[in-house]
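For reference, the chains in residue letters:
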Amino acid sequence: MVRRHPHTAVITVEPGSLENGEWVKGEPSERIIRGLYFASNSGNQVKVNADGREFIVHGEFSTREEPVEGASRLRIDSEAVDVPIICWERFQTHSVIYV
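Bear in mind that the values here come from a model prediction, so they are computed numbers and not experimental data.

**What about the environment of Glu14?**
Then, in step 1: Positionally, Glu14 belongs in the loop between strand E1 (7-13) and strand E2 (16-19).
Then, in step 2: Distance in space between the C-alpha atoms of Glu14 and Lys25 is 7.2 Å, their sequence separation being eleven residues.
Then, in step 3: Here Glu14 is in contact with Lys25, Pro28, Gly70 and Ser72, once residues within four sequence places are set aside.
Then, in step 4: A polar contact is formed between the side chain of Glu14 and the side chain of Ser72, at a distance of 3.4 Å.

Right, here's the structure in full:
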């Protein structure tokens, strides 16, 4: 059986707000989470982001953390991964970040 090793990831959160009909970016912050990273080699899985655009999934990060509003990047130093987040989906026991 394949042993899975947990990873520590850094999530970049870029908050913002709507002021007088104009989007104003907030100061970016980082949040540390733990989970498992799986690289996708097939290139067959497609996900839709918050803007409705479709993207091919290159990897998944499974964690017990709740999705964070405004999360934009996933960085895993031990795997040399620093990529934009496509979407973050919540399931019953965990959540998955698709990159």
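**Notes on the pairing of strand E4 (residues 29-39)**
Then, in step 1: In the sheet, E1 pairs with E4 via seven bridges, with the strands oriented antiparallel. Across the sheet, the residue bridging to Thr8 is Arg34, located in E4.
Then, in step 2: When E4 meets strand E7 (residues 59-63), the two strands line up antiparallel, connected through five bridges. The partner of Ala39 across the bridge, within E7, is Gly59.

**Focus on the side chain of His7**
Then, in step 1: In this fold, His7 is placed in strand E1.
Then, in step 2: Exposure remark for His7: the relative accessible area of 11% places this residue in the buried category.
Then, in step 3: Here the side chain of His7 touches Ser78 through a polar contact of 3.4 Å, side chain to side chain.
Then, in step 4: Those residues in contact with His7 that sit more than four places away from it in its chain are Ile33, Arg34, Gly35, Leu36, Tyr37, Phe61, Ile76, Ser78 and Glu79.

**Describing the pattern of salt bridges**
Then, in step 1: Applying the stated criterion to the full structure yields six salt bridges.
Then, in step 2: Between Glu65 and Arg31 there is a salt bridge whose closest N-O contact spans 2.9 Å. Within this pair, whereas Glu65 is found in the loop between E7 and strand E8 (71-76), its partner Arg31 is found in strand E4, the two being separated by 34 residues in sequence.
Then, in step 3: Relative accessible area serves as the criterion here: at 36%, Arg31 is assigned to the partly exposed category.
Then, in step 4: Between Lys47 and Glu89 there is a salt bridge, with its nearest N and O atoms 3.2 Å apart. Pair noted here: Lys47 is in strand E5 (residues 46-48) and Glu89 is in strand E10 (residues 87-90), with a separation of 42 residues, a long-range link.
Then, in step 5: When its relative accessible area of 26% is taken as the criterion, Glu89 is described as partly exposed.

**So, the packing of aromatic side chains**
Then, in step 1: Counted according to the given criterion, the structure contains zero aromatic pairs.
Then, in step 2: Between Lys47 and the ring centre of Tyr98, over which it is positioned, the NZ or CZ distance is 4.5 Å.

What counts, and where the lines are drawn
- Residues numbered from 1 in each chain as written.
- Predicted model: local features only at pLDDT ≥ 70, side-chain atom pairs only at ≥ 80, totals over all residues.
- Heavy atoms only, no water.
- Helix = DSSP H or I, 4+ residues; strand = E, 2+ residues; numbered from the N terminus.
- Contact = heavy atoms within 4.5 Å.
- Polar contact = N/O pair within 3.5 Å; in protein donor to acceptor, adjacent residues only side chain to side chain.
- Pairing = 2+ DSSP bridges.
- Buried < 20%, exposed > 50% of the residue type's maximum accessible area, 1.4 Å probe, protein only.
- Salt bridge = Lys/Arg side-chain N within 4 Å of Asp/Glu carboxyl O.
- Phe/Tyr/Trp six-rings, centres within 6.5 Å; stacked < 30°, edge-to-face > 60°.
- Lys NZ or Arg CZ within 6 Å of the ring centre and 35° of its normal.

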